[in-house]
Amino acid sequence: MEFTAIACNLLAQKTDCLVIALEQDGVDNPALQSIDRATGGLVSRLRASGDIKNTVGSSLLINEPTGLAAKRLLILGSGEKTANEQSFLALTTGLANKLTKLPIQSACISINHLQVEHRDNVWQAQQLARKLVEASYLFNPFKSKEKKITSLKKVTLATPSRKGLNVLKNTLNTGKAIANGVNLARELGDLPGNICTPSYLASQAKKLAKKHVKLSCKVLSEKQMKTLGMGALLSVTAGTIEPAKMIVLEYMGGKSGDKPIVLVGKGVTFDSGGISLKPGGAMDEMKYDMCGAASVLGTFSTLIEAGLPINVVGIISAVENMPSGTATKPGDIVKSMSGQTIEVLNTDAEGRLILCDALTYAGRYKPKSIIDIATLTGACVMALGSHASGILSNNDALAAQLETAGQTSGDRIWRLPLWNEYDKQLKSNFADMANIGGRPAGTITAACFLGRFTKDYKWAHLDIAGTAWNSGGNKGATGRPVPLLTQYLLEQAGL
Ligand code: BES
Ligand code: MN
Ligand code: ZN
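Numbering of residues starts from 1 in every chain and runs along the sequence as written. Each chain gets a letter, beginning with A, and each ligand a number, beginning with 1, in the order they are written. Residue-level local features of this predicted model are given only where pLDDT is at least 70; pairs of side-chain atoms are given and counted only at 80 or more, and the full residue set underlies all totals for whole chains, interfaces and linings. Heavy atoms throughout the structure, all of them, feed into the side-chain values; hydrogens and water do not.

**A word on the pairing of strand β8 (residues 154-158)**
Right, on to step 1. Each residue is assigned to one of three classes by its accessible area relative to the maximum for its type, calculated with a 1.4 Å probe on protein chains only: buried under 20%, partly exposed between the two thresholds, exposed over 50%. Per the convention used, a helix needs a DSSP run of H or I reaching at least four residues, while a strand needs a run of E reaching at least two, with both numbered from the N terminus. Taken across its five residues, β8 has four buried, putting it largely inside the fold.
Right, on to step 2. Of the pairings in the sheet, the one linking strand β1 (residues 2-6) to β8 comprises five bridges and is parallel in character. Residue pairing for β8: I6 is matched across the bridge by A158.
Right, on to step 3. The criterion for strand pairing is that DSSP finds at least two bridges linking the strands in question. Summarising the sheet, strand β6 (residues 106-110) and β8 pair through four bridges and their orientation is parallel.

The following block contains the structure:
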């Protein structure tokens, strides 16, 4: 999909579909007025008859409108004159879903005069491009009869003035780069566990690194991890024949001396629970337990496509968690790379075991900050549902920056505390700590566990168990938190 921005006469625009917003006070909009005049008052009549309303979610498609050069006119109800971010995002998502399903190759969209609280038209344009590319995502490699992909190839954003056209064009392409990252994360998430193994994730990371000179990738084998002393990570892979991989991506887009931001992703390509086996219902969804890893790969895809001037390192712990005669047992004690010992009281609390060694490994980069991303706890789904990811951090400034990025991108997060009182729940009678802290505050004790390995850094943990995929009829990966992470990195890069 190609994007451009122009200042043009909408009536003369040759396009497969002209999109115009109908606001609460639509009469004020000169573009709508001129279209109404050109079509002999069609818009006014449709409003009067109630065929088109100005509420968000309503729209009307008119084929071969007289008086316009466009083949179709889509009138889009856009609600209140001043929207907030979430309602604007709902509007653009609805529009994107509609446009990508029409048999059209081009569209010209005139909604850039809308007002969104605290957000300018550059932000609006970026979100619009994002939503259009996200709506074109289709996952059908295993359907015998392929569903057709969208025919929409060229999207033109029409703006009232020539001022700032280049900025708009750039932001449209940034939005596209973010959405391509989101779609990569969704695809990796949607792939089944028998295809998307740790080795597959490693091959995808290598493939990504081939696309850009400033991106390199190395993959540590189990043997190398053993030499490094990653006993916690290796205890999780003990029950499977799929080899575990530690994937390391280095993107040096910034100044060579600048310390990198490190992203650490949980990549459990299937989480059966191990010997502490999960119940059978919806167990298939545990193929999504690598969505943290997928979001790291998606973010790197955006980094290279947008060429951000910033240094970022990605570390992905990729393993499969299975029960077998060689699997780790409840009560087993393992030694992490940091030297701290862990009593594995529940083999289903495996995410923290693979992350703690990756967090220790990250220390060699002297990171500016570390963010780990993980589908870590069912408790987070109970606490925040699918609307916000959980964030826990040992640094208020970092947490605030991420919260702001979440608000800007619409990929929102909510902070939970990391108090010492919670940390005490991890006490073990036999080792330095247990890998579980009991039922109360499961999301927090999981983060406290990770916090014991990140004391030397500015660190934030994102629990995406509730946000990384949709369940039920709409089952599928969401690509979150790629929009949040890329927005944070854009801001860190000063863009
Ligand atoms: N991958 C799961 C967390 C999860 C559960 C994500 C449901 C999304 C939906 C994680 O490895 C896990 O099993 N966590 C346990 C921890 C418990 C044993 C302390 C959980 O949340 O039940
Ligand atoms: Mn688990
Ligand atoms: Zn898990």
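**Regarding the site of ligand 1**
Right, on to step 1. Being near a molecule or strand, for a residue, comes down to having at least one heavy atom within 4 Å of it. Taken together, 16 residues form the shell around ligand 1, and within it K278, D289, D348, E350 and G378 come nearest.
Right, on to step 2. N or O atoms within 3.5 Å of each other form a polar contact, as long as, within protein, one can give a hydrogen and the other can take it, and as long as residues adjacent in sequence are counted only when both atoms are side-chain atoms. Take K266: an N or O atom from its side chain is 3.2 Å from an oxygen atom of ligand 1.
Right, on to step 3. Backbone polar atom of L376 to a nitrogen atom of ligand 1: 3.4 Å apart, as the coordinates give it.
Right, on to step 4. With residues, only the protein chains shown are counted as cover, and all accessible areas are computed by Shrake-Rupley using a 1.4 Å probe. Bound to the protein, ligand 1 loses 77% of the 510 Å² it would expose on its own.
Right, on to step 5. A per-class count over the shell around ligand 1 returns five nonpolar, four polar and seven charged. The residue classification treats Ala, Val, Leu, Ile, Met, Phe, Trp, Tyr, Cys and Pro as nonpolar and Asp, Glu, Lys and Arg as charged. All others, Gly included, are polar.

**Focus on the coordination of the zinc ion (ligand 3)**
Right, on to step 1. Looking at the zinc ion (ligand 3), the protein donor atoms are K266 (NZ), D271 (OD), D289 (OD) and E350 (OE), and they sit 2.0 to 2.4 Å from it.
Right, on to step 2. One can describe the site at the zinc ion (ligand 3) as octahedral: its six donor atoms subtend angles covering 78 to 176 degrees at the metal.
Right, on to step 3. Each metal's donors are the N, O and S atoms within 2.8 Å of it, or within 3.2 Å when it is Na, K or Ca, and because water is not part of the set, sites may look incomplete. Summarised as a motif, the one-chain spacing of the donors to the zinc ion (ligand 3) is K-x4-D-x17-D-x60-E.
Right, on to step 4. Between the zinc ion (ligand 3) and the manganese ion (ligand 2) the interatomic distance comes to 3.2 Å, and D271 is a ligand of both metals. One end of the pair, D271, is in strand β11 (residues 261-271); the other, E350, is in the loop between β14 (341-344) and α10 (351-362), with 79 residues separating them in the sequence. Considered together, D271 and E350 belong to a single accessibility category, that of buried residues. When four donors show all angles between 85 and 135 degrees the site is tetrahedral, when four or six donors have opposite pairs over 155 degrees and all other angles between 65 and 115 it is square planar or octahedral respectively, and in every other case it is irregular.

**A look at the domain arrangement of the protein**
Right, on to step 1. Segmentation of the protein into domains returns domain 1 (2-159) and domain 2 (180-492).
Right, on to step 2. Marked domain ranges trace back to an automatic or database domain assignment. Computed from C-alpha atoms alone, the centre-to-centre distance between domain 1 and domain 2 is 38 Å.
Right, on to step 3. Tallying the contact residues gives 13 residues for domain 1 and 17 residues for domain 2.
Right, on to step 4. Summed over both partners, buried area is the accessible surface (1.4 Å probe) that two parts give up on being assembled. Here domain 1 meets domain 2 over a buried area of about 1,200 Å², counting both sides, of which 52% is carbon and sulfur.
Right, on to step 5. Broken down residue by residue, the surface that domain 1 buries against domain 2 is led by Q86, Y137 and F139, which jointly contribute 40%.
Right, on to step 6. A carboxyl oxygen of Asp or Glu within 4 Å of a side-chain nitrogen of Lys or Arg is what we treat as a salt bridge. At the boundary of domain 1 and domain 2, one finds zero salt bridges.
Right, on to step 7. At the surface where domain 1 touches domain 2, the tally comes to nine residue pairs in polar contact (both at pLDDT 80 or more).
Right, on to step 8. The set of elements that each furnish at least two residues to the side of domain 1 that touches domain 2 consists of α3 (85-99) and α4 (121-135).
Right, on to step 9. Of the residues forming the side of domain 1 that touches domain 2, the biggest block, six residues, is contributed by α4.
Right, on to step 10. When the residues that make up the side of domain 1 that touches domain 2 are grouped by side-chain class, the tally is six nonpolar, three polar and four charged. The contact rule is simple, with two residues in contact once any of their heavy atoms fall within 4.5 Å.

**Observations regarding the nonpolar core**
Note on soluble globular proteins: their nonpolar side chains tend to be buried together.
Right, on to step 1. Here, nonpolar core refers to any group of buried Ala, Val, Leu, Ile, Met, Phe, Trp, Tyr and Cys residues whose side-chain atoms link them within 4.5 Å. The biggest cluster of nonpolar side chains holds 58 residues, and the ones touching the most others in it are L201, L263, L297, F300, I310, L462 and L489.
Right, on to step 2. Of the residues forming this core, the biggest block, eight residues, is contributed by helix α9 (residues 291-306).
Right, on to step 3. With residues up to four places along the chain from it excluded, the contact list for F300 reads L208, L215, L249, Y251, L263, V312, V313 and G314.
Right, on to step 4. Counting 45 residues, the second largest nonpolar core, distinct from the first, contains L220, C356, A362 and C448.

**Some words on the side chain of D357**
Right, on to step 1. Relative to the helices and strands, D357 resides in helix α10.
Right, on to step 2. Counted as positive: Lys and Arg. Counted as negative: Asp and Glu. His and the chain ends are not counted at all. The buried charged residue D357 lacks any salt bridge partner; its closest oppositely charged side chain belongs to K335, at an N-O distance of 11 Å.
Right, on to step 3. Among the polar contacts listed, one links the side chain of D357 to the backbone nitrogen of L233, at a separation of 2.9 Å.
Right, on to step 4. Aside from chain neighbours lying at most four places away, what touches D357 is M230, G231, A232, L233, S336 and M337.

**A closer look at the sheet that holds β8**
Right, on to step 1. Strand order in the open sheet formed by six strands is β1-β8-β6-β2-β4-β3, with mixed pairing between adjacent strands. Since the sheet does not close on itself, it has two edges, and those belong to β1 and β3 (59-63), each with one partner. The average angle at which neighbouring strand axes cross in this sheet is 20 degrees, direction not considered.
Right, on to step 2. The strands touched by helix α1 (residues 30-38) are β2 (18-22), β4 (72-77) and β6; relative to β2, the strand with the most contacts, the crossing angle is about 115 degrees.
Right, on to step 3. Note on method: axes are straight lines fitted to C-alpha atoms, helices fitted across the in-contact stretch only, with angles between N-to-C directions ranging 0 to 180 degrees. Lying on the sheet, helix α5 (residues 165-190) is in contact with β1 and β8; it crosses β1 at an angle near 160 degrees.

**A short note on the coordination of the manganese ion (ligand 2)**
Right, on to step 1. Looking at the metal site, the manganese ion (ligand 2) is ligated by D271 (OD), D348 (O), D348 (OD) and E350 (OE), spaced 2.1 to 2.2 Å from it.
Right, on to step 2. Considering all six donor atoms around the manganese ion (ligand 2), angles at the metal cover 70 to 168 degrees and the coordination shape is irregular.
Right, on to step 3. One chain supplies every donor to the manganese ion (ligand 2), and in sequence these donors are spaced D-x76-D-x1-E.
Right, on to step 4. Here D271 falls in the buried class, since its relative accessible area comes to 2%.
Right, on to step 5. With relative accessibility at 22%, the residue D348 sits in the partly exposed group.

**A closer look at the pattern of salt bridges**
Right, on to step 1. Tallied over the full model, the rule gives 14 salt bridges.
Right, on to step 2. Two residues, K266 and D289, come together in a salt bridge whose shortest N-O distance is 3.1 Å. Taken together, the residues K266 in strand β11 and D289 in the loop between β11 and α9 connect sequence positions 23 residues apart.
Right, on to step 3. For K266, a relative accessible area of 2% puts it in the buried group.
Right, on to step 4. Overall, D289 belongs to the buried group, its relative accessible area being 2%.
Right, on to step 5. Between D348 and K278 there is a salt bridge, and its shortest N-O distance comes to 2.8 Å. With D348 in the loop between β14 and α10 and K278 in the loop between β11 and α9, the pair connects residues that are 70 residues apart, well separated along the chain.
Right, on to step 6. Each of R130, K131 and E134 takes part in salt bridges that share partners, so that together they form one network.

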